[in-house]
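Here's the letter readout for the chains.
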Amino acid sequence: MRTAPVVAIGALATLLPALTPAAAAAGPQAGTTATTATTVSSTTTVSTTTVDALERYTRQKPHWNRCGAETPADLECATVKVPLDYSRPGGRTLDIAVSRTKATSARDRRGVLLLNPGGPGGSGLDMPVWMAPELPDEVKKRYDLVGFDPRGVGRSAPVSCGLNGDELNWQRPYKAATFDRDVRWAETVAAKCRAGNGAVLPHLTTRNTARDVDVIRAVLGEKKISYLGYSYGTYLGAVYTQMFPRRTDRFVLDSAVDPERIWRGMIQVWAEGAEPAFTRWATWTAARDETYALGRTPAEVRATFWALVARADREPIVLDGTALTGDDIRAGRPMFFDVAYAAETVARLRDAAAGRTPSSSGRATPPAPVPPSFIPGGTGTGTGMGVGAGTGASTGIATGTSAGAVPADNMDAAFWSVVCADTRAWPRDPERYRRDAIRDKARYPLYGDFASHIKPCAFWGHGSEPATRVNNSVGALILQNEWDSQTPLVSGQGLRRAMKGARMMTVLGGQGHGVYGMKSCADATATAYLTTGRLPAADTVCRTPAAGAGHSLRLPLPTPQLLPGG
């Protein structure tokens, strides 16, 4: 059923709770639902002038055109204007690039399904095309698939910090000898981002992107919006439910961010989550010693791995033409969430260290690309081990905006912009990072110092508002693999605690980042929710086939790499 176009006053009332940053940031008190307190305090401070200024956004009539000569004919693009600063809607504006493919059945159409691939910094403009083959027909009958580039990303007023190759190298292990250099790196990245973007930076936040989403909803003539978001997209979706609970329809939050841990804590959770994955891998590999010859017991497998790390620290191991240090190997921690791939790769490292030509058993292949996690898309460690090179830009969709080519460092610049401005919890004292990195390397040997070491946010200016407290009873479906390298299981459980009206489906044995559209056992539940609105009666689990099996969703975005040549 098609929803009736929203009248202007309804759209304005929806946006009012978000207009006054101080009031909106307060959020509801613990134990309350929706955002009643926020709505009351905000609406009492909004002037008639502000309301009038908002009408220019909510009453826009988008001009839809084919996105580009190389894109499918049914993919339309348009530009939606939003205020840079929602507390000053009469000021500077940004152009947000939006795309859509229409529902395949006018009779069955329910509304729009907004898509977000993750990041922060991931371009979603191509998502209607890339998601269409993965979504069942009953979903595509009911929804227009709507993609967009969030503010600061891709074709939506993209930010750039002018970062060079070394400045894109964000995976930095703690070493006393290089600590001062790493502090200068973090300070330099922050300074270059300020110099390149000035007054825009404080407003590149998830809260403002959620406001942009609500403008998109109003412009599309929808009373409510449905949503499918991966990784960082789960946090964007959760913030939207907190700010606009009455405009939330059916929300699927896939591979979830814990809103209590944004953002330093979500980087640190990579280290915490890697340790149980490493233990699981050692046990799995020991049971297959005849295949991999890495050890007959978990302890022997672990010892083999750490001996290779020590060997690479003394003299890099050359694998497929790339010289890897011990730190490079530790930085490849995502591989341990795919036990077969990790066993194959470590066996090849062992052969390379011994001077033998690494051979493949043929039993494992690198996992196919999946939706990106909240990591920058630059050059990783500079050794081919970090995230894939690329900008996160779309495939050249033309939106009618004046933006030219997307800057090469856009995904990195947008990532730091959001994670640094979203919260004021980043420590400012470099010595705090030193202490934490030393402590966490002992706690989490695989990746602890990487996760807790200094980041550019130590030198970033404050965002326009404090962090959003997510604490509501809005309905949503949270999907989570048991073995997810970027948003580990504990992260999904954290979002479930914050969203008390949600239900969580955990895929036991599930490996990798991203669930829906990957032919997992959770797909049927997600499809049923999107098509009927019925959530499971309680949190539930399902079990995936044997480790290493399954299908991967392919999106045109950089993804975390493991080790070269695996």
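In what follows, the accompanying structure is described.

Rules behind the numbers
Residues numbered from 1 in each chain as written. Predicted model: local features only at pLDDT ≥ 70, side-chain atom pairs only at ≥ 80, totals over all residues. Heavy atoms only, no water. Disulfide = S-S within 2.5 Å. Helix = DSSP H or I, 4+ residues; strand = E, 2+ residues; numbered from the N terminus. Buried < 20%, exposed > 50% of the residue type's maximum accessible area, 1.4 Å probe, protein only. Salt bridge = Lys/Arg side-chain N within 4 Å of Asp/Glu carboxyl O. Axes fitted to C-alpha atoms, helices over the stretch in contact; angles between N-to-C directions. Parallel < 35°, antiparallel > 145°, perpendicular 65-115°, else oblique. Contact = heavy atoms within 4.5 Å. Nonpolar A, V, L, I, M, F, W, Y, C, P; charged D, E, K, R; others polar.

A closer look at the state of the cysteines
Here, the word disulfide means a covalent bond between the sulfur atoms of two cysteines.
Part 1 of the reasoning: Enumeration according to the criterion identifies four disulfides in this entry.
Part 2 of the reasoning: One disulfide in the model links Cys67 with Cys77; its S-S distance is 2.0 Å. Every disulfide takes its handedness from the sign of the S-S torsion; for Cys67 and Cys77 that torsion is 95°, giving right-handed. Of this pair, Cys67 sits in the loop between β1 (65-66) and β2 (76-83) while Cys77 is found in strand β2, placing the two residues ten residues apart along the sequence.
Part 3 of the reasoning: You can call Cys77 buried: its relative accessible area is 2%.
Part 4 of the reasoning: Take the cysteines of the protein that form disulfides and number them in order along the sequence; they join up as 1-2, 3-4, 5-6, 7-8.

Thoughts on the pattern of salt bridges
Part 1 of the reasoning: Enumeration according to the criterion identifies 33 salt bridges in this entry.
Part 2 of the reasoning: Linking Arg151 and Asp212 is a salt bridge whose minimum nitrogen-to-oxygen distance equals 2.7 Å. A residue pair is termed long-range when its members are at least 10 positions apart, and Arg151 in the loop between β5 (143-148) and α7 (179-197) and Asp212 in helix α8 (residues 206-219) qualify at 61 residues. Each member of the pair Arg151 and Asp212 is classed as buried.
Part 3 of the reasoning: Arg207 is paired through a salt bridge with Glu465; the nearest N and O atoms lie 2.8 Å apart. Of this pair, Arg207 sits in helix α8 while Glu465 sits in the loop between α17 (448-452) and β10 (477-483), placing them 258 residues apart in sequence.
Part 4 of the reasoning: For Glu465, a relative accessible area of 3% translates into the label buried.
Part 5 of the reasoning: Residues participating in the shared-partner salt-bridge network are Arg264, Arg432, Asp436, Arg439, Asp440 and Arg443.

Side note on the packing of α8 against helix α9 (residues 232-243)
Part 1 of the reasoning: Interaxial distance between α8 and α9 falls to 9 Å at its minimum, and their mutual angle equals 70°. Relative to α9, α8 is oriented roughly perpendicular. Contacts between α8 and α9 involve Thr206, Arg207, Thr209, Ala210, Arg211, Val213, Asp214 and Arg217 on the former and, on the latter, Tyr232, Tyr235, Leu236, Val239, Tyr240 and Met243.
Part 2 of the reasoning: Split by residue class, the contact of α8 with α9 holds eight nonpolar, two polar and four charged.

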